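One letter stands for each residue in the lines below.
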Amino acid sequence: MGAMHNLFTLLTLLSLITYVTHACFLTAKWNLYVISNIEDDIVAHIKSGDDDLGNHTIPFNGNYNWSFCDRIDGRTLFYGYFWWGSKFTSLALFDDELRGPCALNKESGQHCYWLVRRGGFYVSAYNRTFANNYWTFKKHWDG
């Protein structure tokens, strides 16, 4: 009984510390940014299997960002649905495939940037101007 009580106390304390400090326990903290380079507002609906972050209007040169702790099994998935006028598209914003292009092993957490342009969606581990070669094209707008 004493060992189980100590284990329970330890796990409770670790959970409390993680909650209070907003740190991730045993996994990486990720910061995702969706940046609009479109002159009109776009609407983004972001969700995962666990969290629905809702609809967000992103103005020209504006961004929507959020942070999360990666799942311990590495199977975190965030998906985005995007509307721009009569155009629509959906795509994975974070999954096992996208972890690679965005991972830099930073102590302050990992960062993944999405740039939304007239020509489509680009991803990078760096928040640099589009003229730089840091952006990887991922998908065109549908319709």
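A short tour of the structure in this document, coming up. Quick caveat, the model's predicted, so the values are computed rather than measured.

With that settled, the discussion passes to the packing of aromatic side chains. Here the distance between the centres and the angle between the planes together describe a pair of aromatic rings. If you walk through the whole model with that rule in mind, you get 14 aromatic pairs. Between F82 and F121 the ring centres are 5.0 Å apart and the planes differ by 55 degrees, which places this aromatic pair in the tilted class. Of this pair, F82 sits in strand β5 (residues 78–84) while F121 sits in strand β8 (residues 120–124), and the two are 39 residues apart along the sequence. An angle of 70 degrees between the planes, with centres 5.3 Å apart, marks the rings of Y122 and F137 as edge-to-face. Of the two residues, Y122 sits in strand β8 while F137 sits in strand β9 (residues 136–139), which places them 15 residues apart along the sequence. The exposure class of F137 is partly exposed, given its relative accessible area of 34%. An aromatic cluster is present here, built from W30, Y64, W66, F68, F78 and F94 joined pairwise through their rings. Stacked on the ring of Y134, the Lys or Arg R128 has its end atom at 4.7 Å from the ring centre.

Conventions we followed
Residues numbered from 1 in each chain as written. Predicted model: local features only at pLDDT ≥ 70, side-chain atom pairs only at ≥ 80, totals over all residues. Heavy atoms only, no water. Phe/Tyr/Trp six-rings, centres within 6.5 Å; stacked < 30°, edge-to-face > 60°. Helix = DSSP H or I, 4+ residues; strand = E, 2+ residues; numbered from the N terminus. Buried < 20%, exposed > 50% of the residue type's maximum accessible area, 1.4 Å probe, protein only. Lys NZ or Arg CZ within 6 Å of the ring centre and 35° of its normal.

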